[in-house]
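Single-letter residue listing:
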Amino acid sequence: DAKTTQPPSMDCAEGRAANLPCNHSTISGNEYVYWYRQIHSQGPQYIIHGLKNNETNEMASLIITEDRKSSTLILPHATLRDTAVYYCIVGSTYNTDKLIFGTGTRLQVFP
Amino acid sequence: GAGVSQSPSNKVTEKGKDVELRCDPISGHTALYWYRQSLGQGLEFLIYFQGNSAPDKSGLPSDRFSAERTGGSVSTLTIQRTQQEDSAVYLCASSPDRNSYEQYFGPGTRLTVT
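Residues numbered from 1 in each chain as written. Chains lettered and ligands numbered in written order. Predicted model: local features only at pLDDT ≥ 70, side-chain atom pairs only at ≥ 80, totals over all residues. Heavy atoms only, no water.

### What to know about the side chain of Glu102(B)
Moving on, step 1. One can find Glu102(B) in the loop between strand E9 (88-95) and strand E10 (104-105).
Moving on, step 2. It turns out Glu102(B) is buried and unbridged, and the closest side chain with the opposite charge, Arg37(A), is 11 Å from it.
Moving on, step 3. Every residue in contact with Glu102(B), bar those within four places of it in the chain, is listed here: Tyr36(A), Tyr46(A), Ser94(B), Ser95(B) and Pro96(B). (Helix = DSSP H or I, 4+ residues; strand = E, 2+ residues; numbered from the N terminus. Buried < 20%, exposed > 50% of the residue type's maximum accessible area, 1.4 Å probe, protein only. Lys, Arg positive; Asp, Glu negative; His and termini not counted. Salt bridge = Lys/Arg side-chain N within 4 Å of Asp/Glu carboxyl O. Contact = heavy atoms within 4.5 Å.)

What follows is the structure, given as structure tokens:
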């Protein structure tokens, strides 16, 4: 089981913010939320991860609700190159032996 | 520096033949992972190495699948007596160690069994 639920697809206009939701209602106290993306015909790429505080890096921001049952990945200014499948994954930093990828959200950025 | 590399990038083989897929992880990364991705599907975990040992082989789909890693570096995934359902993209990833939060993926090997 992937332990996360994501919408199968979303659209976003270029230059606008893309907000990708993820539900992880069964997350346990020591589990992190990881986001990866997979551009067509490439291997997945790490984006960001967090435990309970909001996180930001050069690629994206991660907003985690106070109860930690859901989160949102934000791409502040989407570009055409951000078109990809985005995977939300729950796992422990101390047991990242395998990432359980679900089917993700296919984000289509249009001009 | 160089990322994770995999070879071959594409492999077409006849049903019943054996195939070997190779993964060169990032230098110094002790953890190495194999996944496969069937058309339109998410990633399926196959096996994980820490150094040369494989503490978790739970994802290997059958005894036709095996993997080894030598010198704590290169890994080979072998599929014996290939079947059409083995057709998929086989992805390799590495990370500095098992406690790292980021896995670095290679471009994958697309295997087609005819």
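### Here's the deal with the interface of chain B and chain A
Moving on, step 1. In this complex, chain B contributes 20 residues to the contact, which on the side of chain A involves 18 residues.
Moving on, step 2. When chain B packs against chain A, the two sides together hide about 1,600 Å² of surface, and 49% of this comes from carbon and sulfur.
Moving on, step 3. It is Leu43(B), Arg98(B) and Tyr101(B) that lose the most area in chain B upon contact with chain A, and together they represent 32% of the buried surface on that side.
Moving on, step 4. Where chain B packs against chain A, one counts 0 salt bridges.
Moving on, step 5. On inspection of chain B and its partner chain A, the count reaches 3 residue pairs in polar contact (both at pLDDT 80 or more). (Buried area = accessible area lost by both parts, 1.4 Å probe. Polar contact = N/O pair within 3.5 Å; in protein donor to acceptor, adjacent residues only side chain to side chain.)

### Focus: the state of the cysteines
Moving on, step 1. In this structure the tally under the stated criterion is 2 disulfides over all chains.
Moving on, step 2. Between the sulfur of Cys22(A) and that of Cys88(A) lies a disulfide, 2.1 Å long from S to S. Between Cys22(A) and Cys88(A), the S-S torsion sits near -80°, and that sign places the bridge as left-handed. Highlighted residues: Cys22(A) in strand E2 (residues 18-23) and Cys88(A) in strand E8 (residues 84-92), separated in sequence by 66 residues. Residue Cys22(A) shares its accessibility class with Cys88(A), and that shared class is buried.
Moving on, step 3. Between the sulfur atoms of Cys23(B) and its disulfide mate Cys92(B) the distance is 1.8 Å. Every disulfide takes its handedness from the sign of the S-S torsion; for Cys23(B) and Cys92(B) that torsion is -65°, giving left-handed. With Cys23(B) in strand E3 (residues 19-24) and Cys92(B) in strand E9, the pair connects residues that are 69 residues apart, well separated along the chain.
Moving on, step 4. Judged by relative accessible area, which is 0%, Cys92(B) ranks as buried.
Moving on, step 5. This cysteine, Cys12(A), is not joined by any disulfide, and Cys22(A) carries the nearest cysteine sulfur, 18 Å off. (Disulfide = S-S within 2.5 Å.)

In short, the description is geometric, and any link to function would need to be established separately.
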